[in-house]
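Topology and contacts: notes
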Amino acid sequence: MPRPVGCGMSQDRAARLIAVSQVRVASEYARRVTALYRTILLCVSAWLGCTAVHAAEPMAPEVMAALRESGVPLKSFGFYAQPVEQVPQGSGPVLASMNEEQTFLLASTTKVVTSLAALDLLGPAHSWPLRAYATRPVVGGQLRGDLVIAGNRHTITAAELRQWFQQMRAEGLQSIQGQLVLEGVLLIPEDDAADTAAALESGDARRAQAERARPDAAAQDDGSMMLSIEPGPGDRARVTLTPKPVGVVVVNEVLMGGTCDAWARWSSAGDNAEDVPHLLVRGRWDASCPKEYVAYVRPLPGMKYAPDVVLPAADRASAPRHAGSLARTVAALWAESGGTLRGRVVESDFRPLQPGAAAAKATWSSVYSIPLAQVVREINKTSDNLAARSLLLSLSGGQASENQARQSAKNRVHEWLRAQGLIDGDTRVDLGSGQSREERGKPRAMVRLLCNAWRAEGAQAFVNSLPIAGVDGTLVNRMRNGLATGQAFLKTGTLSDTRALAGYVRSRSGVIYAVTAIVNHPDAARARPALDVFIGWVVTHG
């Protein structure tokens, strides 16, 4: 018979109750462990989910929305933004980054590299002398001979030449009885970059944009065609391809109205049923937009052109630049300065290896110096390709042939990039202007150069050269309404498949950021608004 256990409970019943209690405790423990395990799984899953979302959303929501709206794949974009004051050795907090280690075509943002290298290697006070000399003595202000202006590898604007002519008159030259000879002078005519600068200074945005739309003759060295857009009389803009290709159908899908932007790409297989190549040109062009050269189009292999004018083979090499307009411009500038010319202006492609030698032997000569800061401003404000290429050549340090000088300059820039903390493959310069398909770089590397430049001797000269958003230069008609206006100082870059920005942005918090934003894609023009959104985001959230 079972023995009672306290409170009249038998030993067997107590054992059963204890067993049941133990089972209940074990069950409760198992339930709680299971619940805890599920909670941990949920937390881990949530964390992993957040990480996945973060990886898929590398930029702020408003920027990502603009990128997706462009229709261009995210892999085609590169962004990087970093404060300039907190990067003593190229490291520090990064405000934004996306594909920063990917290599992109730089387009005209290559001019940033060329400008910074020149300012650092030559110094902001560096200048280039242009020399003029008389072939006979100047007596009583009259030259009974020729005045020779010996050019070098650098451009001179019409405004600068006008100033030089005034200087010559102050130095005693009043009248030229012979000819005014231009030896290899790279003059930017009155209606080109110099007029652009004047328009920018006066705030005439429409005139500035019209002037900067003129093409650079040197831009076709690689055989590219220039695509120009201008308002049309109907529902479509007028599209022109120069030189005109033979056997190519240009499909004009640039509709009138909207923004002043267009792009072009060769049709891919399946785009058309015909057996001839099609160039698709798309975009929007408002009636207020001026004529503008929007892209350089790479020709297809074996493509032939229909020449507008055929020159005799013997005369082709000696055909004068600017078709005579340069001579008229120079004659007009000399007359404006108060001088008289009995002869005429003669152009010559001859460029003396030592232009100072003849001037030193002459009984009368004049020297005009162009400071580097002025050259850099001209290059970046108006995106002057010829001046940028000339600036790169000046880094060769010698009087070798142009090909030798370019290779020497490229080697010097390469070593300079290494001294800046970059490694091989980070950035490559070929022509110095961004017109070469070899000129490529990584967003992170560009920002590193900009951060270094902020603390360099030539910082002020460089910043002063950059177009200001919504105010001047190539940004005069961009970001005109918004917080970025007047707060972003950026070099622009444009090729048929590239849009780029590189420079500095001042945020609302007062922090200065070095930034780069770039897209490489056949439809890159569609993504230009997204780049502007990114700049606005840096202003707001930096």
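Not measured: the values here are computed from a predicted model.

Moving on, we get to the overall build of the protein. Along its length, the protein carries 15 helices and 28 strands. Counting only residues that meet the buried cut, the protein has 48% of its 542 residues in that class. Summed over all atoms, the accessible surface of the protein reaches about 25900 Å², with 54% contributed by carbon and sulfur.

The contact between helix H3 (residues 110–122) and helix H11 (residues 385–394) brings their axes to 10 Å, and the two run at 40°. Between H3 and H11, the interaxial angle falls into the category oblique. Viewed along their axes, H3 and H11 form a crossing whose handedness is left-handed. Residues Lys111, Thr114, Ser115, Ala118 and Leu122 of H3 touch H11, and the partners they reach there are Asn385, Ala388, Leu391, Leu392 and Ser394. The residue inventory of the contact of H3 with H11, partitioned by class, reads five nonpolar, four polar and one charged.

Before going further, it helps to spend a moment on the sheet that holds strand E11 (residues 175–176). Spatial strand order, E7-E8-E11-E22: four strands in an open sheet with mixed pairing. Looking at the sheet topology across the chains shown, the edges are occupied by strand E7 (138–139) and strand E22 (340–341). Strand direction decides the pairing type here: E7 and strand E8 (residues 142–143), joined by two bridges, are antiparallel. For Val138, the partnering residue across the bridge sits in E8 and is Leu143.

Residues Leu180 and Leu182 line one face of strand E12 (residues 180–183) and the alternating positions Val181 and Glu183 line the opposite face, and both faces are buried. The sheet contact formed by strand E9 (residues 147–150) and E12 spans four bridges and is parallel. Across the sheet, Ile149 pairs through a bridge with Leu182, a residue of E12. Note that E12 and strand E23 (residues 345–348) share four bridges and pair parallel. Each bridged residue has a counterpart across the sheet, and for Leu182 the counterpart in E23 is Glu347.

A separate point is the confidence of the model for the protein. In regions of low pLDDT, the predicted coordinates are not meant to be interpreted in detail. Mean pLDDT for the protein: 78, with 72% of residues reaching 70 or above. Within the model, pLDDT remains below 50 along residues 39–56, and this stretch shows two contacts once partners closer than five positions in the same chain are excluded. Residue range residues 307–324 is modelled with pLDDT below 50. Its contacts to residues more than four positions away, or to other chains, number 14 contacts.

On to the environment of His154. If you trace the backbone, His154 turns up in the loop between E9 and strand E10 (155–157). Apart from residues no more than four positions distant in its own chain, His154 is found in contact with Trp128, Leu186, Ser390, Leu391 and Ser394.

Below, the discussion takes up the nonpolar core. Soluble globular proteins tend to pack their nonpolar side chains together in the buried interior. Ile149 and Tyr504 are the most contacted members of the largest nonpolar core, which totals 72 residues. Looking at which element gives the most residues to this core, the answer is helix H13 (residues 443–454), with seven residues. With near-sequence residues (within four places) excluded, Ile149 lies in contact with Arg131, Ala132, Leu161, Trp164, Phe165, Met168, Leu180, Val181, Leu182, Glu183 and Val185. Ala60, Ala66, Ala96 and Ala517 belong to the second largest nonpolar core, which has 33 residues in total.

On to the pattern of salt bridges. Applying the stated criterion across every chain yields a total of 15 salt bridges. One salt bridge in this structure joins Glu101 and Arg444, with 2.8 Å as the shortest N-O distance. Residue Glu101 is found in the loop between strand E4 (96–98) and strand E5 (104–105), and its partner Arg444 is found in helix H13; the two are separated by 343 residues along the sequence. Accessibility expressed as a relative area gives 41% for Glu101, which makes it partly exposed. Here Arg526 makes a salt bridge to Asp523, at a shortest N to O gap of 3.8 Å.

Bringing unusual backbone geometry into the picture now. In the Ramachandran plot, Asn99 falls in the positive-phi region, its phi being about 50° despite a non-glycine side chain. Positionally, Asn99 belongs in the loop between E4 and E5. In this structure, Ala107 is a non-glycine residue whose phi angle is positive, near 50°. By the element assignment, Ala107 lies in the loop between E5 and H3. Of the residues examined, Ala107 reaches a relative accessible area of 1% and is grouped as buried.

Turning to the sheet that holds strand E18 (residues 261–266), a few remarks are in order. With mixed pairing, the three strands of this open sheet are ordered in space as E17-E19-E18. Unpaired on one side and paired on the other, strand E17 (249–256) and E18 mark the two borders of the sheet. With strand direction ignored, the average angle separating the axes of adjacent strands in the sheet is 10°. Pairing analysis gives six bridges linking E18 to strand E19 (residues 278–285), with the strands arranged antiparallel.

Attention shifts here to the side chain of Ser108. Position of Ser108 among the secondary structure elements: in the loop between E5 and H3. Since its relative accessible area comes to 10%, Ser108 is described here as buried. In terms of polar contacts, Ser108 uses its side chain to reach the side chain of Ser383, at 3.3 Å. Those residues within four positions of Ser108 in sequence are excluded, and the remaining contacts are Ser383, Asn385, Ser433, Gly434, Lys491, Thr492, Gly493 and Thr494.

Attention now moves to H13. The terminal C-alpha atoms of H13, which comprises 12 residues, lie 17 Å apart, in line with the 16 Å expected from a rise of 1.5 Å per residue. The element H13 is largely enclosed, with a buried count of 10 among its 12 residues. Of the positions making up H13, those classed as buried are Pro443, Arg444, Ala445, Met446, Val447, Leu449, Leu450, Cys451, Asn452 and Ala453.

Inspection of the entire model under this criterion finds seven aromatic pairs. Ring geometry for Phe77 and Phe79: centres 5.9 Å apart, planes at 10°, overall stacked. The same class applies to Phe77 as to Phe79, namely buried. Look at Trp454 and Tyr504: their rings are 4.9 Å apart centre to centre, the planes differ by 55°, and that puts the pair in the tilted class. On the criterion of sequence distance, the pair formed by Trp454 in helix H13 and Tyr504 in strand E27 (residues 498–506) is long-range, its members being 50 residues apart. Tyr504 gets classed as buried once you look at its relative accessible area, which sits at 2%.

Over its 18 residues, helix H12 (residues 402–419) runs 25 Å from end to end, which matches the ideal 26 Å to within 8%, given 1.5 Å per residue. For H12, the full list of buried residues reads Ala405, Ala409, Lys410, Val413, Trp416 and Leu417. One side of H12 carries all its buried residues, which in axial view fall inside an arc of 135°. Of the exposed residues in H12, the ones pointing more than 90 degrees away from its buried face are Asn403, Gln404 and Ala419. The inward-facing, buried residues of H12 abut H3, H11 and H13. Just past H12, the residue Gly421 takes up positive phi, approximately 100°.

So, how was this worked out
- Residues numbered from 1 in each chain as written.
- Predicted model: local features only at pLDDT ≥ 70, side-chain atom pairs only at ≥ 80, totals over all residues.
- Heavy atoms only, no water.
- Helix = DSSP H or I, 4+ residues; strand = E, 2+ residues; numbered from the N terminus.
- Buried < 20%, exposed > 50% of the residue type's maximum accessible area, 1.4 Å probe, protein only.
- Areas by Shrake-Rupley, 256 points an atom, 1.4 Å probe, with all protein chains shown as cover.
- Axes fitted to C-alpha atoms, helices over the stretch in contact; angles between N-to-C directions.
- Parallel < 35°, antiparallel > 145°, perpendicular 65-115°, else oblique.
- Left-handed = near helix turned anticlockwise from the far one by under 90°.
- Contact = heavy atoms within 4.5 Å.
- Nonpolar A, V, L, I, M, F, W, Y, C, P; charged D, E, K, R; others polar.
- Pairing = 2+ DSSP bridges.
- pLDDT = per-residue confidence, 0-100.
- Core = buried A, V, L, I, M, F, W, Y, C linked by side-chain atoms within 4.5 Å.
- Salt bridge = Lys/Arg side-chain N within 4 Å of Asp/Glu carboxyl O.
- Polar contact = N/O pair within 3.5 Å; in protein donor to acceptor, adjacent residues only side chain to side chain.
- Expected span 1.5 Å × (residues − 1).
- Phe/Tyr/Trp six-rings, centres within 6.5 Å; stacked < 30°, edge-to-face > 60°.
- Arc of directions from axis to C-beta.

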